[in-house]
Amino acid sequence: MLTVEQNDRLTRVGPGTPGGAVLRHYWQPIALADEVAGPRPIRPVRALGQDFVLFRDEAGNLGLLDRDCPHRNADLAFGRLEDGGLRCPFHGWLFDTKGTCLDTPAEPEGSTLCQRIRQKSYPVVERSGVIFAWLGDAEPAPFPAFDCFAAPETHTFAFKGLIECNWLQALEVGIDPAHASFLHRFFEDGDQDDAYGKQFRATSDGSDLPMTYVLREFPRPRIEVENTDHGLRVFALREINEKTTHVRVTNSFFPTAFVIPMSAEMTITQWHMPVDDENCYWVAIFTSFAAPVDRAQMRAQRLDSYSLPDYLPKKNATNDYGFDADEQTRSTYTGMGEDINVHDQWAVESQGRIQDRTREHLASTDKAIAANRRLLLRAMAAIEAGERPPLMQGEGTAAMTGPSTIDCMAPAEGWEAHWKQAVARRRAAAPWAPPALAAE
């Protein structure tokens, strides 16, 4: 259990909070590139409890500004894209992507007011279909050379969805390997021809057993956790028989993301971007090590569950997440359909907008959750001591590769070497020649 004070430190994200200070030392995935495409590429964004406007100017440059115009605080998300920037419709004040005031057209001829006005702007970069923003005051940290950033556009696909709860409980479901044997249990194994783009439906590396079978029939994994330079590496080990162990390797990507296997050929890097204390978006980059991603199919699958333009889940608390008691009896553990995002959404939203961790009782399978909370608390302490947090901040960050993640069948003796060999084999075969792995 945590104290009330510890829970507040871990979950509050607004300006001036310890948790918010940590998150402002890392890039935040504030939008998909698709959201600023089309004839009017302007998008209101709320992140870390603050309101911004994201836009592309006429030359295609991205800008992120505070949302309220510095004149009389009108909403710049309704602005006009013209004359090299974003113009406020109230009095015509014009700002470029860096927040420079270019024009105050209602002022008298010769006025120098414009030269003294500046709208706060924030660094933004576009990577693999996701727009990341640096919302803190420190110098932005470099991006690692992780697979999701190193792969070409053809081999990645990005999507997102809203979750109506605090970001931390949404993240924690992703670094909890044990829940998949229950929350995502299917009573029958599906057709492998229909497994593309679906989590836990394909077979593991080196096996013809569907993951649905492995999770269902071997529900007691041994969990091991180790610290890494990007956060944590988590092992879920399921003994299939005396000679064979199923090894699932996942990672936390500190502070808001995790990296997990989706199939033998595809991985998922997923952030949980805090909108505010009580809402977050999951933002995922799917990375293929084999054929180019079938984006049309991946997008169509997810639009079955989410509505645009705000990526709102069609199944939610208002319709009981599509719960069907008959389905729960005959085909799925939850009775909430086959989309595991719906299962996760129910699990974390049912904990309340902000989980009361003073009432929880962690178990032996929660090692990664406890370890990650310790990392967050240490990062807060470092910032309060006038230092930068310890992970993903230095010059060496740009050289970080991987992180290694895989589902595989391995010999019970020697599984530690086997999973690394499986990762190396997959990476070596990738047509986009990913960077060599750093030493494990």
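Let me sum up the structure you'll find in this document. Here the structure is a predicted model, which is why all the values come from computation and not from measurement. (Residues numbered from 1 in each chain as written. Predicted model: local features only at pLDDT ≥ 70, side-chain atom pairs only at ≥ 80, totals over all residues. Heavy atoms only, no water.)

**Section: helix H6 (residues 295-303)**
So, step 1. Those residues of H6 lying buried are Met-298, Gln-301 and Arg-302. For H6, the angular spread of the buried residues around the axis is 90°, confining them to a single face.
So, step 2. Tucked into the core, H6 has its buried residues touching strand E11 (156-163), strand E16 (266-276), strand E17 (279-288) and strand E18 (306-307). (Buried < 20%, exposed > 50% of the residue type's maximum accessible area, 1.4 Å probe, protein only. Helix = DSSP H or I, 4+ residues; strand = E, 2+ residues; numbered from the N terminus. Arc of directions from axis to C-beta. Contact = heavy atoms within 4.5 Å.)

**Observations concerning the pattern of salt bridges**
So, step 1. Applying the stated criterion to the full structure yields 27 salt bridges.
So, step 2. The closest approach of N and O atoms between Arg-80 and Glu-82, which form a salt bridge, is 3.1 Å.
So, step 3. With relative accessibility at 18%, the residue Glu-82 sits in the buried group.
So, step 4. In this structure, Arg-373 and Glu-172 form a salt bridge, with 2.7 Å as the shortest nitrogen-oxygen distance. Taken together, the residues Arg-373 in helix H9 (residues 367-384) and Glu-172 in helix H4 (residues 167-174) connect sequence positions 201 residues apart. For the residue pair Arg-373 and Glu-172, the accessibility class agrees, reading buried in each case. (Salt bridge = Lys/Arg side-chain N within 4 Å of Asp/Glu carboxyl O.)

**A few points about the sheet that holds strand E3 (residues 50-56)**
So, step 1. Reading across from one edge, E2-E3-E4 is the order of the 3 strands in this open sheet, with antiparallel pairing throughout. Across the chains shown, the open sheet's two edge strands, defined by having one partner strand only, are strand E2 (42-47) and strand E4 (62-66). Strand-to-strand twist of the sheet, defined as the mean angle between neighbouring strand axes without regard to direction, takes the value 30°.
So, step 2. One ladder, built from 6 bridges, connects E2 with E3; its direction is antiparallel. (Pairing = 2+ DSSP bridges. Axes fitted to C-alpha atoms, helices over the stretch in contact; angles between N-to-C directions.)

**With respect to the nonpolar core**
So, step 1. Formed by 82 residues in total, the largest nonpolar core has its most connected members in Ile-30, Leu-54, Leu-64 and Phe-149.
So, step 2. For this core, the leading source of residues is H9, giving 8 residues.
So, step 3. Not counting chain neighbours up to four residues away, the residues in contact with Leu-64 comprise Ile-30, Phe-52, Val-53, Leu-54, Thr-97, Lys-120, Ser-121, Tyr-122, Val-124, Ala-133 and Leu-135. (Core = buried A, V, L, I, M, F, W, Y, C linked by side-chain atoms within 4.5 Å.)

**Some points on the layout of surface pockets**
So, step 1. Of the voids in this model, the largest pocket is the one considered here, and its volume is about 790 Å³.
So, step 2. Around the largest pocket, the lining is made up of 45 residues, and of these Gln-199, Glu-338, Asp-339, Ile-340 and Asn-341 lie nearest the centre.
So, step 3. Put simply, the parts of the chain that give the lining of the largest pocket at least two residues each are E11, H4, strand E14 (244-253), strand E15 (257-261), E16, E17, H6 and helix H8 (340-349).
So, step 4. With 6 residues, the top contributor of residues to the lining of the largest pocket is H8.
So, step 5. Looking at the lining of the largest pocket residue by residue, the classes come out as 21 nonpolar, 13 polar and 11 charged.
So, step 6. Considering only enclosed or pocket space, the second largest pocket measures out at about 370 Å³ in volume.
So, step 7. If you go around the second largest pocket, you meet 18 residues; those closest to its centre are Val-173, Asp-176, Gln-351, Asp-366 and Ile-369.
So, step 8. Put simply, the parts of the chain that give the lining of the second largest pocket at least two residues each are H4, H8 and H9.
So, step 9. Counting residues per element, the lining of the second largest pocket draws most heavily on H4, which supplies 3 residues. (1 Å grid on protein atoms, 1.4 Å probe; cavity = no way out; pocket = protein on both sides within 12 Å on 5 of 7 lines; lining within 4 Å. Points joined across faces, edges and corners; volume = space filled by probe spheres on them. Nonpolar A, V, L, I, M, F, W, Y, C, P; charged D, E, K, R; others polar.)

**Some details on the sheet that holds strand E7 (residues 94-95)**
So, step 1. Strand order in the open sheet made by the 4 strands is E5-E6-E7-E8, with antiparallel pairing throughout. Here the strands that pair on one side only, and so sit at the sheet edges, are strand E5 (80-82) and strand E8 (101-103).
So, step 2. Sheet topology places E5 next to strand E6 (residues 85-87); 3 bridges connect them, and they run antiparallel. Directly across from Glu-82, in E6, lies its bridge partner Gly-85.

**Things to note about unusual backbone geometry**
So, step 1. Between Phe-254 and Pro-255 the backbone carries a cis peptide bond, its omega angle lying at 5°.
So, step 2. Omega for the bond connecting Leu-308 with Pro-309 falls within 30 degrees of zero, at 10°, which places this linkage in the cis form.
So, step 3. Of note, Pro-309 is situated in the loop between E18 and strand E19 (312-313).
So, step 4. Located in the positive-phi region is Asn-73, a residue other than glycine, with phi close to 70°.
So, step 5. Tracing the chain through its elements places Asn-73 in the loop between E4 and E5.
So, step 6. Phi at Tyr-311 is positive, roughly 55°, even though this residue is not glycine.

**Digging into the pairing of strand E9 (residues 124-127)**
So, step 1. Relative to strand E10 (residues 130-133), E9 runs antiparallel, the two sharing 4 bridges. Bridge pairing links Val-125 to Phe-132 in E10.
So, step 2. Here E9 folds back onto E10 in antiparallel fashion, the turn holding 2 residues, of which Ser-128 has a positive phi close to 50°.

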